[in-house]
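So you can see what is in the structure, the chains are spelled out below.
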Amino acid sequence: MWDFAGRDTAIDLGSATVRMHVRDRGVVCREPSLLARSRHNGRILALGAPAQEMAGRNPDITLVRPIREGAPAETDEAEYLMRHLVRRHHRRHYTARPRLVVTVPSGMSSVHYRALQFSAFQAGARRLTLVPTPIAAAIGMGMTSSGRSEVTVIADIGADITDVGVIAFGGLVTSHTAPIGGSALDRAIVALVRREHGVAVSLSAAEAAKLEVGAVPPLGRHPVRQTVVHGRDVATGMPRGIVLTTVDVGRAIARPVAEIVDAIRAGLAGCSPEISGDLLSVGVTLTGGCARLPGLERLIRDRTGLGARVGDDTGDAAVLGAGEVLRSAGSQEPSARAGSPRPYLLTTVPEY
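All of these numbers come straight from a predicted model, not from anything done at the bench.

### With respect to the sheet that holds strand β15 (residues 226–233)
Strand order in the open sheet formed by three strands is β14-β15-β16, and the pairing between neighbours is antiparallel. Only two strands of the sheet have a single neighbouring strand rather than two, namely β14 (199–200) and β16 (239–245). Across seven bridges, β15 lies against β16 in antiparallel orientation. Bridge pairing in β16 links threonine 227 to leucine 244. Lying on the sheet, helix α6 (residues 182–197) is in contact with β14 and β16; it crosses β16 at an angle near 110 degrees.

### Observations regarding helix α3 (residues 75–89)
Look at α3: 21 Å from first C-alpha to last across 15 residues, which is about the 21 Å you get at 1.5 Å a residue. Of the positions making up α3, those classed as buried are Glu77, Ala78, Glu79, Leu81, Met82, Arg83, Leu85, Val86 and His89. Following α3 by one or two positions, arginine 91 has its phi on the positive side, about 60 degrees.

### Topic: the sheet that holds strand β18 (residues 308–310)
Within a sheet, neighbouring strands are paired by backbone hydrogen bonds and run either parallel or antiparallel to one another. Pairing is mixed in the open sheet, where five strands are placed in the order β13-β12-β11-β17-β18. A strand with exactly one partner marks an edge of an open sheet, and here the two such strands are β13 (171–178) and β18. Recorded for the sheet is a direction-independent mean angle of 20 degrees between the axes of neighbouring strands. Here strand β11 (residues 152–157) pairs with strand β12 (residues 162–168) via six bridges, running antiparallel. Each residue of the ladder has a partner; that of isoleucine 154, found in β12, is glycine 165. Running at roughly 65 degrees to β12, helix α5 (residues 133–140) makes contact with β11, β12, β13 and β17 (284–287) of the sheet.

### Regarding the nonpolar core
One finds Ile189, Val257, Leu268, Leu279, Leu286 and Leu296 to be the most contacted residues of the largest nonpolar core, which totals 46 residues. With nine residues, helix α8 (residues 246–269) is the largest single contributor of residues to this core. Ignoring any residue separated from it by four or fewer positions in sequence, one finds leucine 279 in contact with Val151, Val153, Leu268, Cys271 and Leu306. Counting residues in each nonpolar core, the second largest holds 28 residues, with Ile67, Ala71, Ala125 and Leu130 among its members.

Calculation criteria
Residues numbered from 1 in each chain as written. Predicted model: local features only at pLDDT ≥ 70, side-chain atom pairs only at ≥ 80, totals over all residues. Heavy atoms only, no water. Pairing = 2+ DSSP bridges. Helix = DSSP H or I, 4+ residues; strand = E, 2+ residues; numbered from the N terminus. Contact = heavy atoms within 4.5 Å. Axes fitted to C-alpha atoms, helices over the stretch in contact; angles between N-to-C directions. Expected span 1.5 Å × (residues − 1). Buried < 20%, exposed > 50% of the residue type's maximum accessible area, 1.4 Å probe, protein only. Core = buried A, V, L, I, M, F, W, Y, C linked by side-chain atoms within 4.5 Å.

In short, geometric facts, not functional conclusions.
Dropping the structure here:
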C-alpha cells in the first residue's frame, strides 16, 4: 500500500545540480538547482534546464538558487523544487508521499537543519532521513560497510562547499566542511578575463572553459589546449571573443584550488594518531563535480603526502549511496498517530 503512495526516494541537493534516485528505477533526475521567477508577479515559471536557458535572455525573469552550500537558503523555493520533482518522477500530482533520504553537509548548522526538515515534509515526505555526504558517497561507491575496521577518506568537492569525512568502523570519525568549491573557480576565471582582457563573460561560459581546457598548474606533460569564449567588451559594449589557454585557466584557478586542498588538509588534521597512521595506505578518494579537474590528484599528493584518486561515478556517488540507505529500514513505516514526524540523522553506515 505504501508503494502506491510513493517509492523510496533519495535526493542529493547540490548547489549546482539536484539529483534524484527512485527505488527500482535508478537515477531519474539530474537537473540544475535553479528556478526562474517572474519579476512582475513573483510566479515560478520554470525549473532546472528550462530555467537555466532563460538566464539573461528575458528581462522579466530572475533566477533563484534555492540551495546554497548544500542546504536550503530559500525555504519556500526549496520546498517547491523538491515537491515538483517528487510529483513529476512519481507520476502523481498530489498523492506522492515517499520515504525520503536527503544528503546534507557534515557540518550543517541547526538553522539549515530545521529549514531542510520543514521543506522536505512540506514537499510530501512521510519519513525523512538525513545522511552526511561523505557517508553517502562511500556507500555509493561500495567502499565501506558496518563493522569494517578499514579507514575511508572521502573528499566531496561540490559547487559551493568541500566536505571531507573520515570513516572507520562504519561511522564518521571526523569531518570538515569549507565554503569553497567549483563555483569559486568559475568566478576566478570571470575575474581574470575581465581584468586582463576587458571582457565580461558569463559564469556558464567560464565553467565551459574550465571543463574544456582547465588544469591545475604546473601542467607537466599535459598538452596546452585552448578555447574561445565570447562576452561583452567592457569599453565598447560590443560582443567580443577571446582565446583562453590551459595556462590562462590554470593561473586563474590556482588560488581557489589551493583553498580546496587546505580544506582537505584541515579535514585530515582532526584524526587521532591511531587513524592517522592508516591514512598513508588508504589515501583520499575524490567525489563531486570538481573532482575530475586534471592535476588535482597530483596537487593533493604534493601538499598532503597522501595518495589521491578520483572515485567511480563521482557525480552520482552520493545519491546512489543515499538510495541504498532505506534498504536497512525494511518495511517499517511511521505510525499513523504520529502528528509531527521527526527526521532521522544517520551518522553510521547501516547494515544490509
